[in-house]
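Reading the structure
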Amino acid sequence: MIARRAHSVALIVLVALSPIGMVAQGRGEAPPPTAKADAPFDLTGYWVSVITEDWRYRMVTPAKGDYQGLGMLNPAAMKVAARWDPAADEKAGEQCKSYGAAAILRVPGRLHITWADDNTLRLEFDAGVQRRIFHFGSALAKSAERSWQGDSVARWEVPRGRGRPGGPPPPKFDSLKVVTTNLRPGYLRKNGVPYSESAVVTDYFDLIPQGAREPLLVVTTIVEDSEYLTQPFIVSTQFRRQADARGWDPTPCSPTW
Amino acid sequence: MVTAMTIINRLRASVAVSVLIVVMTATASRSASAQVELAGSWAARNHEDALERGGGPYAVDYTGIPVNDEARLRALSYSASQLSMIERQCSLWAQYYLVTGPFGMKISNETDPIDGSTIAWKIGGWEDRAPMTIWMDGRPHPSKYAIHERGGFTTGVWEGSTLIATTTHMKASSIRRNGTPTSDEATMVTSFIRHGDVVTVLVVVEDPIYLTEPVMYSKSFELDTSPQMPIGPPCVAGYEGVDDWQVPHFLPGTNPSISEMTELYHIPREALMGGAETMYPEYRKTMKDGFVRPEKCVRNCGGPR
C-alpha cells in the first residue's frame, strides 16, 4: 500500500515536471504570447543589401537570354523569357514584375522592418516602393486579388535537432519562416525569367552573429513553381543593419533599371 | 505474507524507478532541442554566381569586392598561367572556395567514445580545396607564428542552431578565382544554417592587407541521397610552356582582359575595378545614366541543357 502510494506520488511529480504537464497547467489560463512578445531576436530597423553575388544580374539589368544559374527553367519558362519586352510591361502597367515576393529581396536597396501590430510584421523596400506583410498564426484569409507580394504566413521556427545530453539549452526559437502564395506572375530575374501565379515562396530569415560587429541578416529564399521550374530555385541574400534611415531612397519600379 | 522489509524494498525500488524516469525525461527533453545534425551529403545549388562558381569568373571582374588599391594592382598583374608553377598550383583554392566553388559537401563528425559528443565536424575536400576540420572541443587556435596551411585551422561553436566556425592560419590565396588576392592574415567565419533539407553556408572573410571591409558570400546546399565524395585528386600544375624561372604576370596597364566585361555586358570599367562602394545599392546611381543594356546575351548564357 505504502509502495503504491509512493509510486503514485512520483508519477504525479513526473507528470507535473514533464512538458505535457506544463501544457496542461497552462490550459485555460493566460492567452498565448503574441508573435512580437515571442520574437527570439529583433529584426526591426533598417537593413541595407550587400551585393557581393549575382552582381551583374542585380546591379545592372542583364541582357535578354542570360540565364546563368537557371538550369531549372522548363521549356514553357524559356518561351516566356524569350518574349521579354520591358516596354510592353511598362505600357501594361506591369513595371513591378521583377519586384514581386520571389525576387524583391535580391533587388539592391534598403529594407525597413517594423511591427504593424503584435502579430504582423511589415517589411518595406525602398526599391520599387514595395511592402510585404507577414501574418503570424495559421488563419490567414486569402486576399481577393493576387498581388506582387502575395499573402504571407509567418512563424518563428523551432529547431528540431537533437544534441548531446547535458549540452547547453538552445534559444527558444532560431529563425523566422515565411511562406508566401497568391502571387501575381512576375520575374525571378529582371530580364523576363518568369514565375507563375502558382509559385510558392518560402523565406527563412536568420540573424547571424558577427562577433563584436552587428549580426548579419541572411535570408534563404526557396521558390517552387510547378508551371515554370523543374526544381526549386534557391538563393541566399545578405543584409547589414543600419542605425538609422540613412540612404533610404524610395524609387518607383522600373522594368529596365 | 508481506513483511515490513518487503514493503521497504518495494518502496525503494519504486522511488528509484520514478526518479530514473524523471531524470531521463528531463534529459531527453533538453537534448531534443539542442544542436543540429549536419552530417551527410549535401548537393550544391549554384543558382547564384553560377558562372563564377562553375567555369570561373572573367579575368578582370572585381565587382562587389572591397579591394584596396594594392589588391587591385596585384589582381591586374595576375596571369592564370601562374597555375603552371608547382608552388602556386593550388593557390586559387582557399577554404572560402567552399561557397565560391561549384561542388557539394560531405560532412561527417568525430565523436567522443565516452559521451558521444562531437569533437570535430569534418567537411571533405574537393580536388582543389583542402578538407576542413572544425574543432568543437574548445582547443585554442595556434600561435600566430605557427605554420599556415591550405586548410587553415578552424574551431567552432553553436549559436542556437547555427554552427559558427572560425578559420585562421590559411595561406595567401584569392577571394575570386581571377587572382583577386587575399593574404595569409585573412580570417574567415563560416556559419552553417540548416532549415529542413537545406543548409545555407555563409562565409565572411576579413583581410587587413587587401580588403577594406569584410566580404561575404553564401551558398545553399540540399540534402542528397547520392554520396558526395569527401576527397578527390589533388590540384596539379598545368603545362603552359612557361620557363621555370618565370612568374607569369602582366605589367601595369597591359592586362589584355580589362575591357572584356565592358564589351560583353556594358559594365563600366570603374565598376569592374571593385572597391567597397560597389557592394552597396548607391553604386547603381553612378552607372545609371551611362548604362545601356546589351540587347542579347552572346556568351556564357547558361539555362537548361
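Residues numbered from 1 in each chain as written. Chains lettered and ligands numbered in written order. Predicted model: local features only at pLDDT ≥ 70, side-chain atom pairs only at ≥ 80, totals over all residues.

On to the overall build of chain B, then. Within chain B, the secondary structure is distributed over 7 helices and 11 strands. Relative to its full complement of 305 residues, chain B shows a buried share of 39%. The contacts of chain B with a sequence gap of at least 6 include a subset with a gap of at least 24, amounting to 61%. (Helix = DSSP H or I, 4+ residues; strand = E, 2+ residues; numbered from the N terminus. Buried ≥ 20, exposed ≤ 12 C-beta atoms within 10 Å, placed from the backbone. Contact = placed C-beta atoms within 7 Å.)

Helix and strand counts for chain A stand at 6 helices and 11 strands. Split into buried and exposed, the 257 residues of chain A put 42% on the buried side.

Looking now at the pairing of strand E5 (residues 153–159) of chain B. All names here are of chain B. In this sheet, E5 lies alongside strand E4 (residues 132–135) in parallel orientation, the contact comprising 2 bridges. Its bridge partner lying in E5, Trp-135 is registered against Thr-155. Looking at chain direction, E5 and strand E6 (residues 162–168) are connected through 7 bridges and run antiparallel. Paired with Val-157 across the bridge in E6 is Ile-164. (Pairing = 2+ DSSP bridges.)

Residue and element names in this part refer to chain B. In the predicted model, chain B carries a mean pLDDT of 89, and 89% of its residues have values of at least 70. Here residues 16–34 is modelled with pLDDT under 50, and outside its nearest four sequence neighbours on either side it reaches 29 contacts, counting other chains as well. At the level of chain-chain contacts, confidence expressed as ipTM amounts to 0.87, with global pTM at 0.87. (pLDDT = per-residue confidence, 0-100.)

Attention shifts here to the nonpolar core. Of all hydrophobic cores here, the largest spans 116 residues; its most connected members are Val223(A), Tyr96(B) and Val203(B). Broken down by element, the residue count for this core peaks at 7 residues, all from strand E10 (residues 198–206) of chain B. Beyond its immediate chain neighbours, meaning those up to four positions away, Val223(A) contacts Ala102(A), Leu188(A), Tyr195(A), Ala199(A), Val201(A), Leu229(A), Pro232(A) and Phe233(A). (Core = buried A, V, L, I, M, F, W, Y, C linked by C-beta atoms within 7 Å.)

Here the focus is the sheet that holds strand E1 (residues 40–45) of chain B. Ordered by their spatial adjacency, 9 strands build a closed barrel running E1-E2-E3-E4-E5-E6-E9-E10-E11 (chain B), and the pairing between neighbours is mixed. Going from strand to strand, the sheet's axes swing by 30 degrees on average, the running direction of each strand aside. (Axes fitted to C-alpha atoms, helices over the stretch in contact; angles between N-to-C directions.)

Our focus in this paragraph is the sheet that holds strand E10 (residues 213–224) of chain A. With mixed pairing, the 9 strands of this closed barrel are ordered in space as E1-E2-E3-E4-E5-E6-E9-E10-E11 (chain A). Neighbour-to-neighbour, the strand axes of this sheet turn through a mean angle of 30 degrees, independent of strand direction.

Quick look at the pairing of E4(B) now. Residues and elements named next belong to chain B. Where burial is concerned, the two faces of E4 differ: the one with Met-132 and Ile-134 is buried and the one with Thr-133 and Trp-135 is not. Of the pairings in the sheet, the one linking strand E3 (residues 118–123) to E4 comprises 4 bridges and is antiparallel in character. Each residue of the ladder has a partner; that of Ile-123, found in E4, is Met-132.

Residue and element names in this part refer to chain B. Taken together, the buried positions of helix H3 (residues 69–77) are Ala-71, Ala-75 and Leu-76. Across the axial projection of H3, the buried residues extend over an arc of 130 degrees, all falling on one side. When the buried face of H3 is taken as reference, the exposed residues oriented beyond 90 degrees from it are Asp-69, Glu-70 and Leu-73. Residues of H3 that are buried in the fold lie against strand E8 (180–182). (Arc of directions from axis to C-beta.)

Further remarks concern unusual backbone geometry. Backbone geometry follows two general trends: most residues other than glycine have a negative phi, and most peptide bonds adopt the trans configuration. If you check the backbone angles, Asp54(A) has positive phi at about 50 degrees while not being a glycine. Looking at where Asp54(A) falls in the secondary structure, it is placed in the loop between strand E1 (45–49) and helix H4 (55–58).

Right, let's get into the environment of Tyr96(B). With respect to the helices and strands, Tyr96(B) occurs in the loop between H3 and helix H4 (97–100). Between the C-alpha atoms of Tyr96(B) and Gly125(B), which are 29 residues apart in sequence, the distance is 12 Å.

The next thing to look at is the environment of Lys79(A). Residue and element names in this part refer to chain A. Mapped onto the elements of the fold, Lys-79 is located in helix H5 (residues 75–82). Exposure remark for Lys-79: the 12 C-beta atoms within 10 Å place this residue in the exposed category. Expressed as a C-alpha distance, the spacing of Lys-79 and Pro-194, which sit 115 residues apart in the sequence, is 9.7 Å.

The next point concerns the environment of Val242(B). Residues and elements named next belong to chain B. As for its placement among the helices and strands, Val-242 is situated in the loop between strand E11 (215–223) and helix H5 (260–265). Note: C-alpha distance between Val-242 and Asp-289 (47 residues apart in sequence) is 44 Å. If we skip the residues at most four places from it in the chain, Val-242 touches Ser-81, Ser-84 and Pro-248.

A few words on the confidence of the model for chain A. Taken residue by residue, chain A gives an average pLDDT of 87. The fraction at 70 or more is 82%. Across residues 6–26 of chain A, confidence stays below pLDDT 50; counting only partners more than four residues off in sequence or on other chains, it has 21 contacts.

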